[in-house]
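A look at the structure
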Amino acid sequence: MPGGVTAILSLPIRALEWSARQGGVLLAVSIFAGLLIPPLAAALREAVTPIVALLMTLVLLRVDPVQVLAYLRRPLLVAALLAGCCWAARCWPSP
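Here is a short report on the structure shown in this document. (Residues numbered from 1 in each chain as written. Predicted model: local features only at pLDDT ≥ 70, side-chain atom pairs only at ≥ 80, totals over all residues. Heavy atoms only, no water.)

1. Thoughts on the state of the cysteines
The tally for this structure, following the rule as stated, stands at 0 disulfides. Here Cys85 is not cross-linked by a disulfide; its sulfur's nearest cysteine counterpart is in Cys86, at 6.9 Å. Look at Cys85 and you get exposed, because its relative accessible area is 53%. Relative accessible area serves as the criterion here: at 54%, Cys86 is assigned to the exposed category. (Disulfide = S-S within 2.5 Å. Buried < 20%, exposed > 50% of the residue type's maximum accessible area, 1.4 Å probe, protein only.)

Dropping the structure here:
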């Protein structure tokens with residue numbers, strides 16, 4: 001491929017790599033932007049779920065599988081994390 005085409009194709013890949021590194025920050029910024037700018041939140045309402053899913057997928061792709069398996073070998077920690085998630089989901093107000 002010519003150099004110009006390669007440079008153009010590498011731009012989205014670099015953007016996705018940057019998003020994967022900054023996923024947590026991007027998610028927090030988007031939440032606060034939605035709270036501070038309600039018209040923007042209303043306009044992007046349909047895009048929120050796919051964007052959050054994409055960000056979380058990119059972040060999870062960076063997870064070390066060996067480290068995940070090490071955490072899964074600690075059943076008390078896993079149970080505490082699951083209990084916390086279930087408690088948060090139950091206490092979260094439904095729309």
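Here the narrative resumes.
2. As for a nonpolar patch on the surface
On the surface, a nonpolar cluster with roughly 730 Å² of combined accessible area is contributed by Ile31, Phe32, Leu35, Leu36, Ile37, Leu40 and Leu44. Ranked by residue count, the leading element in the nonpolar patch is helix α2 (residues 23-36), at 4 residues. Structurally, Ile37 can be placed in the loop between α2 and α3 (38-43). Residue classification places Ile37 among the partly exposed positions, given a relative accessible area of 40%. (Patch = residues over 30% accessible without salt bridge, like charges linked within 9 Å, V, L, I, M, F, W, Y side chains within 5 Å. Areas by Shrake-Rupley, 256 points an atom, 1.4 Å probe, with all protein chains shown as cover. Salt bridge = Lys/Arg side-chain N within 4 Å of Asp/Glu carboxyl O. Helix = DSSP H or I, 4+ residues; strand = E, 2+ residues; numbered from the N terminus.)

3. Topic: the packing of α2 against helix α4 (residues 48-61)
Relative to each other, α2 and α4 sit at 160°, their axes nearing to 9 Å. Relative to α4, α2 is oriented roughly antiparallel. Crossing hand, α2 versus α4: left-handed. Facing α2, whose interface residues are Gly23, Gly24, Leu26 and Leu27, α4 presents Val52, Leu55, Met56 and Val59. Considering only residue class, the contact of α2 with α4 consists of 6 nonpolar, 2 polar and no charged. (Axes fitted to C-alpha atoms, helices over the stretch in contact; angles between N-to-C directions. Parallel < 35°, antiparallel > 145°, perpendicular 65-115°, else oblique. Left-handed = near helix turned anticlockwise from the far one by under 90°. Contact = heavy atoms within 4.5 Å. Nonpolar A, V, L, I, M, F, W, Y, C, P; charged D, E, K, R; others polar.)

4. Regarding the environment of Leu44
In this fold, Leu44 is placed in the loop between α3 and α4. Sequence-wise, Leu44 and Leu81 are 37 residues apart; in three dimensions their C-alpha atoms are separated by 31 Å.

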